[in-house]
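# A structural walkthrough
Read off the chains here:
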Amino acid sequence: MNDKLLKLKNNSLDDDIPIMQDEGLNFLIELIKNKKIKKILEIGTAVGYSAIKMATVSSDIQITTIERDKARYDCARKNIKDFNLNSRINPIFADATELTIDDKYDLIFIDAAKGKNTLFFEKFKNNLNPDGYIVTDNLKFHGCVEKPLEEIESRNVRGLVRKIRNYIEFLKNNKEFETEFFDVGDGISVSRRK
Ligand code: SAM
């Protein structure tokens, strides 16, 4: 990883910004390389770390990324400019649950509110090119998804875990998409149209 990216990663971690874990991000980068993905829609920019990392795979990659938190969006814009990626990464300040996008993408990366994965999947699946992929991160939610609910103290986390489990079932039973689950990073799914 180059020094600038490493600095962005370390600063984000110091500031408690929930960026994607290395293992998961490297998996995503390999998918982008292997499948020659060129157009990406990311739900959940944070400060732009994963978008910048994905953009550095190849100079012909274009990314649209959505963030609803103004401070993070502003920070992402600054970071994207610092990396001279303004022409290839388009950050949008919006709540993705309310935003309509017309464009089509080779990859849709869902990495926002973890309780809304199903909503994001249903909302943006029509923005996927026929051979495209929908990738979702944090399906293990730091090991909580596999735990018995009664072992999870926080009511909020229990609620989130229920929703992530429901999303996993939604993917497993989906008639339109087939999904592979990968035990990398915090748990990743890769979905494709059947
Ligand atoms: N992809 C980023 C990375 O790895 O560098 C990390 C994204 S972080 C896990 C999730 C982000 O999604 C947060 O910054 C949060 O504010 C944003 N978010 C949550 N719900 C959202 C929504 N409905 N619309 C847009 N952004 C949302």
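What comes next is a walk through the structure. All of these numbers come straight from a predicted model, not from anything done at the bench.

### Concerning unusual backbone geometry
A positive phi angle is found at Lys-36, which is not glycine, with a value near 55°. Positive phi, close to 55°, is recorded for His-142, a residue that is not glycine. Topologically, His-142 is positioned in the loop between strand 5 (128-136) and helix 6 (155-172). The class for His-142 is exposed, based on a relative accessible area of 54%.

### A look at the side chain of Asp-186
Looking at the element boundaries, Asp-186 is found in the loop between strand 6 (177-182) and strand 7 (188-193). The buried charged residue Asp-186 lacks any salt bridge, with Lys-140 as its nearest oppositely charged partner at 5.8 Å. Discounting chain neighbours no more than four positions away, the residues touching Asp-186 are Gln-21, Asp-137, Asn-138, Leu-139, Lys-140, Phe-141, His-142 and Gly-143.

### A closer look at helix 4 (residues 70-82)
Compared with an ideal rise of 1.5 Å per residue, which puts 13 residues at 18 Å, helix 4 spans 18 Å between its outermost C-alpha atoms and is within 8% of the ideal. The set of residues buried in helix 4 consists of Tyr-73, Ala-76, Asn-79 and Ile-80. The buried residues of helix 4 occupy one face: seen down the axis, they fall within an arc of 125°. Counted as exposed and oriented over 90 degrees from the buried face of helix 4: Ala-71 and Lys-81. Against helix 1 (3-14), helix 3 (49-55), strand 2 (62-67) and strand 3 (89-93) lie the buried residues of helix 4. Here helix 4 starts with a cap whose side-chain oxygen sits 3.2 Å from the backbone nitrogen of Ala-71, and that cap is Asp-69. Backbone geometry just downstream of helix 4 places Asn-84 in the positive-phi region, at approximately 55°.

Rules behind the numbers
Residues numbered from 1 in each chain as written. Predicted model: local features only at pLDDT ≥ 70, side-chain atom pairs only at ≥ 80, totals over all residues. Heavy atoms only, no water. Helix = DSSP H or I, 4+ residues; strand = E, 2+ residues; numbered from the N terminus. Buried < 20%, exposed > 50% of the residue type's maximum accessible area, 1.4 Å probe, protein only. Lys, Arg positive; Asp, Glu negative; His and termini not counted. Salt bridge = Lys/Arg side-chain N within 4 Å of Asp/Glu carboxyl O. Contact = heavy atoms within 4.5 Å. Expected span 1.5 Å × (residues − 1). Arc of directions from axis to C-beta. Polar contact = N/O pair within 3.5 Å; in protein donor to acceptor, adjacent residues only side chain to side chain.

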